[in-house]
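Residue-level listing of the chains:
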Amino acid sequence: MATESIAKLDRSKILVNIAVYGLLIVAAIIMMLPMMWMVSTAFKKYRDTFLIPPMWIPPYFSLQNFTNVFEIVPFANMMFNSLKVAILSTLGQVISCTMAGYAIARMKFFARNTIFLVILATMMVPYQVVMIPIFIIMKNIGWVNSHNALIFPSFLGGAFGIFLMRQYFMTLPNELEDAARVDGANPWQIFWEIILPNSKPALIALATLSFTNYWNDLLSPLIYLNKMELMTMPVGISLFKGMHGTEWNLLMAAALLNIIPAALIFLFTQKYLVEGISLSSGIKG
Amino acid sequence: MFKKISGSRKPIPEHIRKENLWAYFFLSPALLGLVGLTIFPIIASFFLSFTDWDALGAANFVGLRNVIALVNDGIFWRALWNTIYFTAVSVPVGMALSLGLAMALNRAMKGMGFFRTIFLIPVISSTVATALLWGLMMDPYIGLLNYLLQLLHLPKSGWLTDINMAMPAIIGISIWKGLGYNMVLFLAGLQGIQQELYEAARIDGATKIREFFHITLPMLTPTIFFVLVISLISSFQVFDQTWVLTKGGPQNATITLVYYIYQTGFQQLRMGYASAMAYAMFFITLLIVMVQWKTQGRWVFYQ
């Protein structure tokens, strides 16, 4: 009797598991199929993009799209600009958000809760509300048509990053700092020599999320950059579409080149990224 | 009251003064950003809304002229309607699908990490690149979607070139792109639910459906609330997809608030008018968040 019901339970559990796998596989196909099509098209000759029925494996495997992209627009230049802006901005976010998050999480100071709440409240302010006055500031400094307009603000914190780091620092044990404090270390030494080495997961998460954000950003570069030699990849690709709107093989090669660096970083830092997104919800930790 | 006055005369102890100085040193970049890049611009934007500034000459005070023009601007209402349409469909559908995926992934089975990776790839890819990719999928002549419709003997669609299909298409692309992010948030929420609750329910003989409605859903409400608020805020800022694919067309079918603000402010250089529009958007966002905040007591269950 008992073994029979256990067997029955197992069987229904197996059925549920099969159903779940089935569902996940269908979902995965829907998510990945367009990506596969992008890869396939990026290696096709122009005339082969018109084939009906569509062919997943290109009949003639061509690398020419990738070389053409670099010849038609200054693509290498755009890649370099994107890398420069994304790396320096990531650095800025990591430094400024880590410092602010540390103070809010681990120090007592005047108006701490008020400052924390105001920073959190800024998450609700759409960028579009502040973008025109910030543009005016940048124009007066002379940073229109300069990467500084994109990089500099990242050194001045941001609600998301500060909150993420604050949430992480809250989880660290107090004993960590106590010993150092007894030895007479100042807060900067504690922060630099004790807290940061113990915060690698959160630092990697923040760095990955920031890099992806700046690497993919369209609106800010669109506003500040008019010169072709300064363009970043997302703007460059969207302009490229205006010029070669139906040459999908070229467009897909360009899009693929834009996705690959972010995807590579993601594959290596995935665990931390997931942890970081969870931490940012305030639900964990 | 009296105590407070006499107390305030006391000198501040040295170690407290020192800790304050250190804390403000750590906070200084963020505070500079808070004032310079948020608080000051919010105020400046408010005043700009009452001017005719064109990014070049002097700004003249025009009173409520921008506001009146806005109320009478058909394209603004169209953009607002489109943005609300986009939000009203993409947020609930996207949330339901990502919750479903998170629940499927929240099982002790093999390969869950692999699926999670796949669902996250669109999240980390740029909107520009993925929008282009969907532009190809939805191409009326060589797109895979129309090929699929043809195989099923269904009529082809113009997708992004069709007035009635363009916005649903943009919504679909956005849901596809953002699914993984909310999924991760829901997964964290699900993993935070105490297992004892399920064990107790199982002893009481509860069915899976009862478990979902009486344990999972109530315990998940803080996560749902969080995801709802951030999704609402971000979907109100939809821009990249329409910029790449439709430029607001066909016939303003996909023009969104941010697209119109960008166009007015940075292409036509009507910065005053664009500021007024940004402020309208700000108020709407605040209103939505406030309504969420005020009503959360009715359905959000904090442990």
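A quick note: this is a predicted structure, and the numbers were derived from the prediction, not measured. (Residues numbered from 1 in each chain as written. Chains lettered and ligands numbered in written order. Predicted model: local features only at pLDDT ≥ 70, side-chain atom pairs only at ≥ 80, totals over all residues.)

Draft legend 1. Here's a closer look at the overall build of chain B. A count of helices and strands for chain B gives 13 helices and zero strands. Shown N-terminal to C-terminal, the secondary structure of chain B runs as helices and strands in the order α-α-α-α-α-α-α-α-α-α-α-α-α. Expected size for 303 residues packed as a compact globule is a radius of gyration near 19 Å; at 25 Å, chain B overshoots this value by more than 25%. Along the first, second and third principal axes, the C-alpha atoms of chain B reach 85 × 70 × 35 Å. Put simply, chain B has 303 residues, and 39% of those count as buried. (Helix = DSSP H or I, 4+ residues; strand = E, 2+ residues; numbered from the N terminus. Rg over C-alpha atoms; globule rule 2.2 N^0.38 Å. Buried ≥ 20, exposed ≤ 12 C-beta atoms within 10 Å, placed from the backbone.)

Draft legend 2. How the structure looks around the overall build of chain A. Along its length, chain A carries 13 helices and zero strands. For chain A, the α and β elements follow one another from N to C terminus as α-α-α-α-α-α-α-α-α-α-α-α-α. Radius of gyration (C-alpha) of chain A: 25 Å, far over the 19 Å computed for a compact globule of 285 residues. Overall size of chain A, expressed as C-alpha extent along the three principal axes, is 85 × 75 × 35 Å. When contacts within chain A are restricted to residue pairs at least 6 apart in sequence, those whose partners lie at least 24 apart make up 76%. (Contact = placed C-beta atoms within 7 Å.)

Draft legend 3. Seen up close, the interface of chain A and chain B. In this assembly, 72 residues from chain A lie in contact with 76 residues from chain B. Breaking the side of chain A that touches chain B down by element, the ones donating at least two residues are α1 (2-42), α3 (75-106), α4 (112-121), α5 (127-141), α10 (200-216), α11 (219-224), α12 (233-243) and α13 (248-280) of chain A. Of the residues assigned to the side of chain A that touches chain B, the class counts are 55 nonpolar, 14 polar and three charged. (Nonpolar A, V, L, I, M, F, W, Y, C, P; charged D, E, K, R; others polar.)

Draft legend 4. Here's a closer look at helix α8 (residues 175-182) of chain A. The buried count for α8 of chain A comes to zero of eight residues, which makes it a mostly uncovered element. After α8 of chain A finishes, the residue Gly184 of chain A shows a positive phi value of roughly 85 degrees.

Draft legend 5. Region of the structure containing the packing of α3 of chain A against α10 of chain A. Residues and elements named next belong to chain A. Taken N-terminus to C-terminus, the directions of α3 and α10 make an angle of 140 degrees; their axes are 8 Å apart at the nearest point. Taken as axis vectors, α3 and α10 run oblique relative to one another. Relative to α10, the crossing made by α3 is right-handed. Two secondary-structure elements touch here, α3 through Ser82, Val85, Ala86, Ser89, Thr90, Gln93, Val94, Cys97 and Thr98 and α10 through Leu203, Leu206, Ala207, Ser210, Phe211, Tyr214 and Trp215. Along the lines of polarity and charge, the residues of the contact of α3 with α10 split into 10 nonpolar, six polar and no charged. (Axes fitted to C-alpha atoms, helices over the stretch in contact; angles between N-to-C directions. Parallel < 35°, antiparallel > 145°, perpendicular 65-115°, else oblique. Left-handed = near helix turned anticlockwise from the far one by under 90°.)

Draft legend 6. Unusual backbone geometry, seen in detail. Residue and element names in this part refer to chain B. Residues Gly249 and Pro250 are joined by a peptide bond in cis, for which omega reads -10 degrees. Along the chain, Pro250 falls in the loop between α11 (240-245) and α12 (257-267). Located in the positive-phi region is Lys247, a residue other than glycine, with phi close to 50 degrees. Positionally, Lys247 belongs in the loop between α11 and α12. On the neighbour-count criterion, Lys247 (13 C-beta atoms within 10 Å) is partly exposed. Even without being glycine, Gln251 reaches a positive phi, approximately 50 degrees. Within the secondary structure, Gln251 sits in the loop between α11 and α12. According to the C-beta neighbour criterion, Gln251 is exposed, with 10 such atoms within 10 Å.

Draft legend 7. The arrangement of the nonpolar core in detail. With 152 residues, the main nonpolar core has Met252 and Ala255 of chain A together with Leu132 and Met277 of chain B as its most contacted residues. Among the elements that take part in this core, α13 of chain A stands out by supplying 17 residues, more than any other. (Core = buried A, V, L, I, M, F, W, Y, C linked by C-beta atoms within 7 Å.)

Draft legend 8. Structural detail: the domain arrangement of chain A. Residue and element names in this part refer to chain A. In terms of domains, chain A is made up of domain 1 (2-42) and domain 2 (72-280). Taken over C-alpha atoms, the centre of domain 1 sits 36 Å from the centre of domain 2. In this assembly, four residues from domain 1 lie in contact with six residues from domain 2. In terms of residue class, the side of domain 1 that touches domain 2 is built from three nonpolar, one polar and no charged. (Domains from an automatic or database assignment.)

Draft legend 9. Examining the packing of helix α7 (residues 159-171) of chain A against α10 of chain A more closely. Residue and element names in this part refer to chain A. Two elements in contact, α7 and α10, have axes whose closest approach is 10 Å; the angle formed by their N-to-C orientations is 165 degrees. Comparing the axis directions of α7 and α10 gives the class roughly antiparallel. Note that α7 runs across α10; the crossing there is right-handed. Residue-level contacts link Gly161, Leu164, Met165 and Tyr168 of α7 to Ala202, Ala205, Leu206 and Ser210 of α10.

Draft legend 10. Looking closely at the domain arrangement of chain B. Under the domain assignment, chain B is made up of domain 1 (12-48) and domain 2 (65-299). Its C-alpha centre places domain 1 of chain B at a distance of 34 Å from the equivalent point of domain 2 of chain B.

Draft legend 11. Inspection of the environment of Val229 of chain B at higher detail. All names here are of chain B. The topology assignment puts Val229 in helix α10 (residues 208-235). Given 17 C-beta atoms within a 10 Å radius, Val229 is considered partly exposed. Between the alpha carbons of Val229 and Thr83 there is a distance of 16 Å; along the sequence they are 146 residues apart. For Val229, the contacting residues outside a window of four places in its chain are Val289 and Gln292.

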